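In case you want the letters, here they are:
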Amino acid sequence: MLRIGFIGVGNMGGALATAAAKQENTKILVTDYDNKKAEEVAQKIGAENTTTELLCKTARYIFLGVKPQVLPSVLKEIAPIIKNRTDEVTLISMAAGVKIEKIIAEIGFFVPVIRIMPNLPVTVGGGMVLYTAAGNTETEKIVSAMQYSGVWEQIDEELIDAASAVSGCGPAFVFMYIKALALGGEKCGLPYDTALKLAAQTVMGSAKMLMETGRAPDELKDAVCSPGGSTIEGVKSLYSNNLDETVIKAVEKSFKRTIELGK
């Protein structure tokens, strides 16, 4: 039975643990500085709430679901435990901005490391998980074990921070857009709950169409518009209010902050 451990089961760690628990023949171990949180997650997904020491002694894959600022202290704590192991172990870090070489330097000896950047939709199995492993051969096994979290996309490490500004931070921007779309519907007379449902399904369907047809966003946008019609008036308003520039700046700001966190 494959044993997967999660150190830190906040929003992202807990979501990934939930996805991993759906895999057959898998034992999930969890621990967190907030033991109440760890116990809640353990009971919800049928995992074992244990100590960091026991988790690091027995888990084949260890997810580090902690913030970049906390990661060095966690690595210092688990280093002697992992060093004494005689079997294989792989660390999987989701700390924003922290490179694999820095993780290995902090732990003090070589250990296989996979760096990932998931997004919140892994909670419902619709996530986008970026991963880089610098030649690590364990990636296929862990991607298979985490199949219920969503789509995993391998990317060069030098690009993962930029990519995470899109897929990792992007859901927040999308949720804001959905809310604004719903509020627009409400202003036009719709009940908010109805407008929100319409907006969410519209965004989901539009994304599905983009991915399945392979057509460019501008081409699909033009396909919705007709000269002198309703849609083109709204599109003109978005252009005049600099929608593109606003979103681009949001991604750039998130990217810069990710770089800062990794220093």
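Worth saying up front: this structure is predicted, and the values here are computed from it rather than measured.

Asks: What is the right way to look at the overall build of the protein in this model?
Replies: Tallying secondary structure elements over the protein gives twelve helices and eight strands in all. C-alpha extents for the protein along the principal axes are approximately 70 × 35 × 30 Å. The burial tally for the protein puts 40% of its 263 residues in the buried class. Across the protein, the fraction of contacts at a sequence separation of at least 24, relative to all contacts at a separation of at least 6, is 57%. For the protein, the exposed surface amounts to about 15,100 Å²; the carbon and sulfur share of it is 57%. Placing the 28 positive and 30 negative side-chain charges of the protein at their respective mean positions leaves the two points 4 Å apart.

Asks: Whenever I open this one, the layout of surface pockets confuses me. Can you help?
Replies: Rolled over the atoms, a probe as big as a water molecule pinpoints where empty space is left. Empty space within the second largest pocket amounts to approximately 960 Å³. Lining the second largest pocket we find 36 residues, and of these M12, G65, V66, K67 and M94 sit closest to its centre. Sorting the residues of the lining of the second largest pocket by element identifies helix 1 (11–20), helix 4 (71–83), helix 8 (170–187) and helix 12 (243–261) as the ones contributing at least two each. A per-element tally of the lining of the second largest pocket places helix 12 first, with four residues. Each residue belonging to the lining of the second largest pocket can be placed in one class, and the counts come to 18 nonpolar, twelve polar and six charged.

Asks: I'm lost on the packing of aromatic side chains in this one. Help?
Replies: Two aromatic rings, taken as a pair, are described by how far apart their centres are and by the angle between their planes. Taken as a whole, this structure holds two aromatic pairs when the rule is applied. The interplanar angle of 50 degrees and the centroid separation of 5.7 Å between the aromatic rings of Y131 and W152 together place this pair among those described as tilted. Within this pair, whereas Y131 is found in strand 7 (residues 127–132), its partner W152 is found in strand 8 (residues 150–154), the two being separated by 21 residues in sequence. With a relative accessible area of 10%, Y131 lands in the buried category. Directly above the ring of Y61 sits R60, whose terminal nitrogen or CZ lies 4.7 Å from the centroid.

Asks: What exactly am I supposed to notice about unusual backbone geometry here?
Replies: A negative phi holds for most residues other than glycine; trans holds for most peptide bonds. Phi angles above zero are rare outside glycine, and N25 is one such case at about 55 degrees. In this structure, N25 sits in the loop between helix 1 and strand 2 (26–31). You will see that N242, though not glycine, has its phi angle at about 60 degrees, which is positive.

Asks: Sorry if this is basic, but what is going on with helix 7 (residues 157–167) here?
Replies: Owing to its 3.6 residues per turn, the α-helix brings residues three or four apart onto one side. Those residues of helix 7 not exposed but buried are E157, I160, D161, A163, S164, A165 and S167. Those residues of helix 7 that are buried are in contact with helix 5 (100–107), strand 6 (113–117), strand 7, helix 8 and helix 12.

Asks: What is the right way to read helix 2 (residues 35–45) from this model?
Replies: Every buried residue of helix 2 is listed here: A38, V41, A42 and I45. Buried residues of helix 2, viewed axially, fall in a sector of 100 degrees; they line one side. Residues of helix 2 that are exposed and angled more than 90 degrees away from the buried face: K36, Q43 and K44. Looking at the packing, one finds that the buried side of helix 2 touches helix 1, strand 2 and strand 3 (48–49). Just downstream of helix 2 lies G46, where phi reads positive at about 75 degrees.

Asks: Is there a simple way to think about the packing of helix 7 against helix 12 in this case?
Replies: If you want to describe how two helices pack, look at the angle between their axes and the distance between the axes. Look at helix 7 against helix 12: their axes get within 9 Å of each other, and the N-to-C directions meet at 135 degrees. When the axes of helix 7 and helix 12 are compared, the pair comes out oblique. As helix 7 packs across helix 12, the resulting crossing turns out to be right-handed. Together, D161, A162, S164, A165 and V166 of helix 7 and V251, S254, F255, T258 and I259 of helix 12 make up the contact between the two elements. Class assignment of the residues belonging to the contact of helix 7 with helix 12 gives a composition of six nonpolar, three polar and one charged.

Asks: Teacher, can you tell me more about the side chain of T31 here?
Replies: Here T31 is to be found in strand 2. A residue is classified by how much of its surface remains accessible, and T31, at 7% relative accessible area, is buried. Filtering out sequence-adjacent residues up to four positions away, T31 remains in contact with F6, I7, G8, V9, A38, N49, T50, T51, T52 and L55.

Asks: Any chance you could explain the packing of helix 4 against helix 5 here in plain terms?
Replies: Contact geometry for helix 4 and helix 5: axes closest at 8 Å, N-to-C directions at 60 degrees. Overall, the two elements helix 4 and helix 5 adopt an arrangement that is oblique. Helix 5 is crossed by helix 4, and the crossing has right-handed handedness. Counting all contacts with helix 4, which are made through L71, P72, L75, A79 and I82, the residues of helix 5 involved are I103, E106 and I107.

What counts and how
- Residues numbered from 1 in each chain as written.
- Predicted model: local features only at pLDDT ≥ 70, side-chain atom pairs only at ≥ 80, totals over all residues.
- Heavy atoms only, no water.
- Helix = DSSP H or I, 4+ residues; strand = E, 2+ residues; numbered from the N terminus.
- Buried < 20%, exposed > 50% of the residue type's maximum accessible area, 1.4 Å probe, protein only.
- Contact = heavy atoms within 4.5 Å.
- Areas by Shrake-Rupley, 256 points an atom, 1.4 Å probe, with all protein chains shown as cover.
- Lys, Arg positive; Asp, Glu negative; His and termini not counted.
- Charge placed at Lys NZ, Arg CZ, Asp CG, Glu CD.
- 1 Å grid on protein atoms, 1.4 Å probe; cavity = no way out; pocket = protein on both sides within 12 Å on 5 of 7 lines; lining within 4 Å.
- Points joined across faces, edges and corners; volume = space filled by probe spheres on them.
- Nonpolar A, V, L, I, M, F, W, Y, C, P; charged D, E, K, R; others polar.
- Phe/Tyr/Trp six-rings, centres within 6.5 Å; stacked < 30°, edge-to-face > 60°.
- Lys NZ or Arg CZ within 6 Å of the ring centre and 35° of its normal.
- Arc of directions from axis to C-beta.
- Axes fitted to C-alpha atoms, helices over the stretch in contact; angles between N-to-C directions.
- Parallel < 35°, antiparallel > 145°, perpendicular 65-115°, else oblique.
- Left-handed = near helix turned anticlockwise from the far one by under 90°.

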